[in-house]
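Given next are the chains, with one letter for each unit.
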Amino acid sequence: MAAIDVETRGPHGNVRWITINRPDRLNAYDLDMARTMIAAFEDAAAYDAVVLTGAGGAFCAGGALDQLGEPDPEQLRSLFTGSLRLVDAIRSCPRPVIAAVDGAAAGGGNELVVACDFAIATERSTFGQTGPRVGSAPVLGATNLMAVQIGEKRAKEMAMLCRRYSAQQALTMGLINEVVPDGALAGAVDRWLGEIERLSPRYLEIAKISSNQWWNASKDNMSAGLGMLIQAIGSEDMLEGANAFLEKRKPDFRAARRAQQKPTEKDDQ
């Protein structure tokens, strides 16, 4: 069963809440979970807004890395393409989407924040990409659209160097809209929802969809990046990064590459 809770909340029962509920894995999502979220975003036209959040002290750690250690190419291809459909469903959703972040937004979870229309975070929340650190690359928002949000140099710093940023740093950069004290997230989200509910749904949709210029311009880049990720399935860098993550050790990509390239006795003959 997919660990996604979809429910209706709000004083008027008109807000769709999507909660990633897999706290033992920092809310990393698998393909079934991605499909459940996609359906929830695609079926949100009857609501005033959608809130995406995570349960148990984390927002989302992105796609499940356990599949990378012993990769099944078809399963990974499906997860990668499902992730692209997920971020596109957020941008295509006719209603405003708020990321309510309490805890870590890492890797693909940070890219979900990039995709959302608004983001509110608690002081204890952190943001950042994990791609090159774990044998991957963040091509579904961080290497393209995020540069529009926070600037190219800062986006490259986040996407390539895998640094972590506090909620206050994320606010200063322009990645999120507001930082609130720990424990005050629900009240802040209600305040934003109250403001949204006073506005015209029709013209909010027009404003949102017409604001997708840079997202739409990034789609070809995302598809190309996804194609490169698929071609790299099973590479020594992917295996070393994933296994190091699962074994809780620092990866040594260069040693793994040397071992892969070391000639065998048969080659020497």
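Provided above is the structure to which this section pertains.
Since we're looking at a predicted model, the values are computed, not measured.

**Student:** Hey, could you run me through the overall build of the chain in this one?
**Tutor:** A tally of regular secondary structure across the chain gives 14 helices and nine strands. In terms of overall dimensions, the chain is globule-like: its C-alpha atoms have a radius of gyration of 19 Å, near the 18 Å expected for 269 residues. Overall, the chain is about 75 × 40 × 30 Å in size when its C-alpha atoms are taken along their principal axes. Each of the 269 residues in the chain was classed as buried or not, and the buried ones make up 47%. Put simply, 71% of the contacts in the chain that link residues at least 6 apart link residues at least 24 apart. In the chain, which carries 29 positive and 34 negative side-chain charges, the distance between the mean positions of the two groups comes to 4 Å.

**Student:** Even after reading the chapter, I still don't get the pairing of strand E3 (residues 49–54), so can you show me in this structure?
**Tutor:** The two faces of the sheet receive side chains in turn, since in a regular strand these alternate between them. Taking burial as the measure, the six residues of E3 include six buried ones, the bulk of the element. Side-chain alternation along E3 places Ala-49, Val-51 and Thr-53 on one buried face and Val-50, Leu-52 and Gly-54 on a second face that is also buried. In the sheet, strand E2 (residues 15–20) pairs with E3 via six bridges, with the strands oriented parallel. From the neighbouring strand, Arg-16 faces E3, where its bridge partner is Val-50. Once you follow E2 into helix H1 (residues 31–42) and on to E3, the crossover reads as right-handed.

**Student:** Would you mind showing me how to read the packing of aromatic side chains here?
**Tutor:** Think of a pair of aromatic rings as described by two things: how far the centres are apart, and how the planes are tilted against each other in angle. All told, the structure shown has one aromatic pair when counted by the stated rule. Look at Phe-118 and Trp-192: their rings are 5.4 Å apart centre to centre, the planes differ by 55 degrees, and that puts the pair in the tilted class. One end of the pair, Phe-118, is in strand E6 (residues 118–122); the other, Trp-192, is in helix H9 (residues 185–197), with 74 residues separating them in the sequence. Accessibility expressed as a relative area gives 28% for Phe-118, which makes it partly exposed. The class for Trp-192 is buried, based on a relative accessible area of 18%. The ring of Trp-17 carries Arg-9 above its face, with NZ or CZ at 4.0 Å from the centroid.

**Student:** Before we go on, may I ask you to explain empty space enclosed by the protein in this structure?
**Tutor:** It is the rolling of a water-molecule-sized probe over the atoms that shows where space remains empty. Enumeration according to the criterion identifies two cavities of 30 Å³ or more in this entry. By volume, the largest cavity is sized at about 390 Å³. What lines the largest cavity is a set of 26 residues, among which Gly-63, Phe-80, Gly-108, Glu-111 and Ser-136 lie closest to the centre. Taken together, the elements giving at least two residues each to the lining of the largest cavity come down to helix H3 (73–92), helix H4 (108–115), helix H5 (131–134) and helix H11 (213–231). Sorting elements by how many residues they give to the lining of the largest cavity places H3 first, with four residues. Here the residues of the lining of the largest cavity sort into 16 nonpolar, nine polar and one charged.

**Student:** What is the right way to read the layout of surface pockets from this model?
**Tutor:** In this structure, the largest pocket occupies an estimated 470 Å³ of space. Residues belonging to the lining of the largest pocket are distributed by class as follows: 17 nonpolar, five polar and four charged.

**Student:** Hey, could you run me through the sheet that holds strand E8 (residues 165–166) in this one?
**Tutor:** Across a sheet, strands are paired by hydrogen bonds formed along the backbone, either parallel or antiparallel in direction. Spatial strand order, E5-E7-E8: three strands in an open sheet with mixed pairing. A strand with exactly one partner marks an edge of an open sheet, and here the two such strands are strand E5 (104–106) and E8. Relative to E5, H4 is tilted by about 95 degrees, and along the sheet it contacts E5 and strand E7 (126–128).

**Student:** Honestly, unusual backbone geometry in this entry has me stumped. Any pointers?
**Tutor:** Backbone phi values are negative for most residues with the exception of glycine, while trans is the configuration of most peptide bonds. Of note, the phi angle at Asn-27 is positive, near 65 degrees, even though the residue is not glycine. Looking at the secondary structure, you find Asn-27 in the loop between E2 and H1. Judged by its relative accessible area of 0%, Asn-27 falls in the buried class.

**Student:** Which parts of the structure should I look at to understand the nonpolar core?
**Tutor:** Soluble, globular proteins show a tendency: their nonpolar side chains are buried together. Core analysis: the biggest nonpolar cluster contains 58 residues, and Phe-41, Leu-52, Val-113, Phe-127 and Leu-175 have the highest contact counts within it. Counting residues per element, this core draws most heavily on H3, which supplies seven residues. Dropping the residues within four chain positions of it, Val-113 is found in contact with Phe-59, Ala-99, Val-101, Ala-105, Ala-119, Phe-127, Leu-175 and Ile-176. Grouped together as the second largest cluster of nonpolar side chains are 14 residues, Trp-17, Ala-188, Trp-192 and Ile-196 included.

**Student:** Can you help me understand the sheet that holds strand E4 (residues 97–101) in this one?
**Tutor:** Pairing within the open sheet is mixed, and its six strands lie in the order E1-E2-E3-E4-E6-E9. A single partner strand is all that each edge strand has here, and the edge strands are strand E1 (4–9) and strand E9 (178–180). In this sheet, adjacent strand axes meet at a mean angle of 20 degrees when their direction is disregarded. Pairing between E6 and E9: three bridges, direction parallel. Among the inter-strand pairings, Ala-121 is bridged to a residue of E9, identified as Val-179.

The rules we used
- Residues numbered from 1 in each chain as written.
- Predicted model: local features only at pLDDT ≥ 70, side-chain atom pairs only at ≥ 80, totals over all residues.
- Heavy atoms only, no water.
- Helix = DSSP H or I, 4+ residues; strand = E, 2+ residues; numbered from the N terminus.
- Rg over C-alpha atoms; globule rule 2.2 N^0.38 Å.
- Buried < 20%, exposed > 50% of the residue type's maximum accessible area, 1.4 Å probe, protein only.
- Contact = heavy atoms within 4.5 Å.
- Lys, Arg positive; Asp, Glu negative; His and termini not counted.
- Charge placed at Lys NZ, Arg CZ, Asp CG, Glu CD.
- Pairing = 2+ DSSP bridges.
- Right-handed = clockwise from strand over helix to strand, strands pointing away.
- Phe/Tyr/Trp six-rings, centres within 6.5 Å; stacked < 30°, edge-to-face > 60°.
- Lys NZ or Arg CZ within 6 Å of the ring centre and 35° of its normal.
- 1 Å grid on protein atoms, 1.4 Å probe; cavity = no way out; pocket = protein on both sides within 12 Å on 5 of 7 lines; lining within 4 Å.
- Points joined across faces, edges and corners; volume = space filled by probe spheres on them.
- Nonpolar A, V, L, I, M, F, W, Y, C, P; charged D, E, K, R; others polar.
- Axes fitted to C-alpha atoms, helices over the stretch in contact; angles between N-to-C directions.
- Core = buried A, V, L, I, M, F, W, Y, C linked by side-chain atoms within 4.5 Å.

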